[in-house]
Every structure is written in C-alpha cells, then in structure tokens.
Amino acid sequence: MSEVKAAVASIKTRPEFEVFKAKISGSNGLLTAVKKTIGKLPQAEKPAAGKLINRAKQQVEEVFAEILARIEKSELAAKLGEPIDPTLPSPDDFAGMRHPLSQIREEMCGIFHRLGFTVAEGPELETEWFCFDALNTPANHPARDMQDTLFFPADTIAADAPKHADEAYLLRSHTSSVQIRAMLATKPPLRVVAPGRCFRRDTVDATHSANFHQIEGLWVDENVTLRDLKSVLDFFVREVFGHAAETRLRPSFFPFTEPSFEMDIRVPNLGALSNRWLEIMGCGLVDPKVFENVGIDPEKWSGLAFGIGIERIAMLVHGIDDIRHFYANDLRFLRQFA
Ligand code: PHE
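1. A short note on the overall build of the protein
Moving on, step 1. Helices and strands together make up the secondary structure of the protein, namely 11 helices and 9 strands.
Moving on, step 2. Over its C-alpha atoms the protein spans a radius of gyration of 33 Å, topping by over 25% the 20 Å that the globule rule assigns to 338 residues.
Moving on, step 3. Buried positions account for 41% of the 338 residues belonging to the protein.
Moving on, step 4. Residue pairs in contact within the protein that sit at least 24 positions apart in sequence constitute 65% of those at least 6 positions apart.
Moving on, step 5. Of the roughly 19,800 Å² that the protein leaves accessible, carbon and sulfur atoms contribute 55%.
Moving on, step 6. Charged side chains of the protein number 40 positive and 47 negative; the gap between the two group centres comes to 9 Å.

2. Brief notes about the pattern of salt bridges
Moving on, step 1. The full count for this structure, using the stated rule, is 16 salt bridges.
Moving on, step 2. Here Arg144 ties to Asp133 by a salt bridge, and the two come within 3.2 Å at their closest N and O atoms. Placement of the pair is Arg144 in the loop between α6 (128-131) and β3 (169-171) and Asp133 in the loop between α6 and β3, with a sequence separation of 11 residues.
Moving on, step 3. Exposure remark for Asp133: the relative accessible area of 32% places this residue in the partly exposed category.
Moving on, step 4. Among the charged side chains, a network of salt bridges with common partners joins Arg248, Arg250, Asp264 and Glu279.

3. Describing the environment of Arg14
Moving on, step 1. The residue Arg14 is located in helix α2 (residues 14-25) in this model.
Moving on, step 2. For Arg14, a relative accessible area of 35% puts it in the partly exposed group.
Moving on, step 3. Sequence-distant contacts of Arg14, defined by excluding residues within four places in its chain, comprise Leu68, Ile71, Glu72 and Glu75.

4. Quick notes on the sheet that holds strand β5 (residues 211-221)
Moving on, step 1. Reading across the sheet, the 7 strands line up as β1-β4-β5-β9-β8-β7-β6 and stay open at both edges, with mixed pairing between neighbours. Unpaired on one side and paired on the other, β1 (118-119) and β6 (246-254) mark the two borders of the sheet.
Moving on, step 2. Note: strand β7 (residues 257-266) against strand β8 (residues 278-286), 7 bridges, orientation antiparallel. By the bridge assignment for β8, Met263 is matched with Met281.

5. A few points about the site of the ligand
Moving on, step 1. Contacts to the ligand come from 14 residues, most closely from His174, Ser176, Arg200, Gln214 and Glu216.
Moving on, step 2. Note that an oxygen atom of the ligand is positioned 3.0 Å from one of the side-chain N or O atoms of Gln214.
Moving on, step 3. About the coverage of the ligand: the protein hides 90% of its 320 Å² of free accessible area.
Moving on, step 4. Secondary structure elements with two or more residues in the shell around the ligand: β5, β8 and β9 (302-309).

6. Quick notes on the state of the cysteines
Moving on, step 1. In this structure the tally under the stated criterion is 0 disulfides.
Moving on, step 2. A disulfide-free cysteine, Cys109 has its sulfur positioned 13 Å from the sulfur of Cys198, the nearest such atom.
Moving on, step 3. Not engaged in a disulfide, the cysteine Cys283 finds its nearest cysteine sulfur in Cys198; these two sulfurs lie 16 Å apart.
Moving on, step 4. Residue classification places Cys283 among the buried residues on the basis of a relative accessible area of 2%.

7. Overview of helix α10 (residues 310-318)
The α-helix winds at 3.6 residues per turn, so residues separated by three or four positions along the chain end up facing the same way.
Moving on, step 1. Taken residue by residue, α10 has Ile310, Glu311, Ile313, Ala314, Met315 and Leu316 as its buried positions.
Moving on, step 2. Buried residues along α10 sit against α5 (100-113), β5, α8 (226-241), β7, β8 and β9.
Moving on, step 3. One or two residues past the end of α10 sits Gly319, with phi positive at roughly 65°.

8. Remarks on helix α4 (residues 46-80)
Moving on, step 1. Its 35 residues give α4 an end-to-end C-alpha distance of 51 Å, which sits within 8% of 51 Å, the value for a rise of 1.5 Å per residue.
Moving on, step 2. Buried within α4 are the following residues: Ala49, Gly50, Ile53, Val60, Phe64, Ile67 and Ile71.
Moving on, step 3. Close packing links the buried residues of α4 with α1 (2-9), α2 and α3 (30-37).
Moving on, step 4. One or two residues past the end of α4 sits Gly81, with phi positive at roughly 80°.

Criteria and thresholds
Sequence order as written defines residue numbering, which begins from 1 separately in each chain. At least 70 in pLDDT is required for a residue's local features to be given in this predicted model, at least 80 for side-chain atom pairs to be given and counted, and no such filter applies to totals for whole chains, interfaces and linings, which use all residues. Excluding hydrogens and water, the side-chain figures rest on all heavy atoms present in the structure. Numbered from the N terminus, helices here are DSSP runs of H or I no shorter than four residues, and strands are runs of E no shorter than two. Two things to know: the radius of gyration comes from C-alpha atoms, and the globule rule equals 2.2 Å times the number of residues to the power 0.38. Here the term buried applies to any residue with accessible area under 20% of the maximum for its type, exposed to any over 50%, and partly exposed to those in between, with areas from a 1.4 Å probe on protein chains only. We call two residues contacting when some pair of their heavy atoms lies within 4.5 Å. For accessible areas, the Shrake-Rupley method is used with a probe of radius 1.4 Å. Any residue's cover is judged against the shown protein chains and nothing else. In this tally Asp and Glu are treated as negative and Lys and Arg as positive; neither His nor the chain ends contributes. To locate a charge, take atom NZ for lysine, CZ for arginine, CG for aspartate or CD for glutamate. The salt bridge definition used is simple: a Lys or Arg side-chain nitrogen within 4 Å of an Asp or Glu carboxyl oxygen. Two strands form a pair only when DSSP identifies at least two bridges running between them. The near set for a molecule or strand comprises every residue that places at least one heavy atom within 4 Å of it. As used in this structure description, the phrase polar contact means that two N or O atoms lie within 3.5 Å; if the pair is within protein, one of them must be able to donate a hydrogen and the other to accept it, and residues adjacent in sequence are counted only when both atoms belong to side chains. Here, the term disulfide refers to a pair of cysteine sulfur atoms separated by no more than 2.5 Å. An expected span of 1.5 Å times one less than the residue number is assigned to each helix.

Any link to function would need more than the numbers given here.
Put into structure tokens, the structure is as follows:
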C-alpha cells in the first residue's frame, strides 16, 4: 500500500497524471484487465466480483480527483508567484498617498461635518425613479435623453437597486438620487452630504468627463430657509477659498428645487481666475413635490439641497486647467499632492 501512496504522491504534473491514469483505467490498464476477467468467472461469482470491481473503480476515481485537485492547486500557486505580505512597509515613500480628488472630497465632507452633516451613500447604478421621477423630473425632460444619460439594456438585473418592470436602469447622472434614498431611509430632521461618482454621455475634453464626482447636500427640518442655504454655502466657500471669497446666488432651474440657483464665487487670489465670477454649484430649496414623492409632509417640513462638482473645486483650488489629469495616473502629476 505504501508503495502505491508513494507513487500517487510523486505525481506532480498533468502529463504524469495522464500516464498514471492510463496505467489504471486506460484500455490496457490494470482495472480494465481485471474487469475483463469477470467474463471468465462462473456465473454464480459474477455479481460479487462486479460489486468489488465497482468499489475499486470508485476508490480509484477518488484518488484521481485528489491528484487533480493537488495539481490544480500547485498550478495556481505557480501562476500567482511568491506570496506577498501587504502589511510590510513600502520601500517607496510615495506609496499610500490619497488621490487629490479624495483629499478634496474629504476636506469638503469635513467642512459640512462641522455643520452637523453626516455622510450618506447610494448606488452608482440607479433606477429612473430615484434619478428622475422622484426628483420631479418629467419623462420628457432633456436630462433623461439618451444623449445625456447612460442607460442599461432592458434585461439588466441588479440586486442592490430593485426596480419596477417598466423602469430602466441607468448610471446616475447626479448624486441627487441619494437625496431620495436618504429621505426614504431617515425621518426628518436630517442633514446629509453624499459624495460619489456620476456619469454622463459627455465627450471628454479639458473640462468634461463622462465620469466625474459630486457632493450632494440635503438638510430637511422645520423652517429651513434661503438664509440657511446662503449661510451653509458661504461657510463652505470661505473654508475652502478663504475669507476674501465673495458669493452670489444666480436664479436658475432644477426640477427638484424651488427656487433654484447657481452659486458663483469671486476670489481675489485664484491665479488666472482671480476676481472673476465662477459658477461652482447648483442649489435651492427642496421642491414640495419631492417631499410628497417620499411621503414627507411639505406643510410641516422644508429643506435645502445643493450639488457641488468635486473636480471643479479641486481644479480651482489647485489651479488645474485640465480635468483629464485626475484620471491619467501620471505620477508626475500625483506626486504634487503627496
Ligand atoms: N443635481 C444638480 C446637477 O447635477 C445639482 C443640484 C443639486 C441642484 C441639488 C440643486 C440641488 O446639476
């Protein structure tokens, strides 16, 4: 027996295994030869002999499977190479820094955190309802157009974002969908910021990317007013751009806020962009229809919302003139933010 064990243990490769297998169950193999002798046995002994052979065959197959599993394991190990220990210190003092967009995102969230906002999240793959309908964006709104939003094929299945039968999945075109998720998850009052990735069918140039990031803000409480909107955003702008920064709210339109604004800033020390009004975000007071869509009483509750592009802020803060730098993973660019 121990000889057999040693022989089995010595098989290390697939060719060796094939040779071994042929020796046992091939057309000239041992087991095959034994099987052939059954025919010559007296009739009465055939059933017992057959049973024995079947048991032997089963055992042999188990051994084959064992050998194969062992070979597969060592093939995989060979493919993966030496095991590495990711906890060892890196020889490169550059490793482990945060991407400039992550740095700015954290700084922004930190500023809102000081005003009592906590972080909320939602999926990047969304349903039409969360991204548009619940946000009071009608079916024929241009933002829903195939030109702007990236839709999934009708037969897409996604477990983390259940949808209605006649709805389409899409890649969220803004983080405003998280407003809806936050209001459905938490009864007011609530104060959340939702940083995350957004997608649009933009052609990529110096200031546009099909994939970019926003921070959504939502504050729902009794008696939230425009004054709260202005002071929250003024605080944010002065923390990021300094106390000399001026702000203004310019009337605009979003289906989910009423009134709606774009916020512009003017900063004295911003390189080539100094002392010019620059648009940095959309904002407004939550439209009562949005509250109705999520079962919040608009007579009792009011809210403010805003959506800020993270790339836009990072480009202004660092004087970066091309959005594509953020995604190119060029170390000469990234090292400047270590
Ligand atoms: N979702 C809007 C956009 O992506 C921004 C926005 C957010 C406007 C919240 C108003 C309130 O352009």
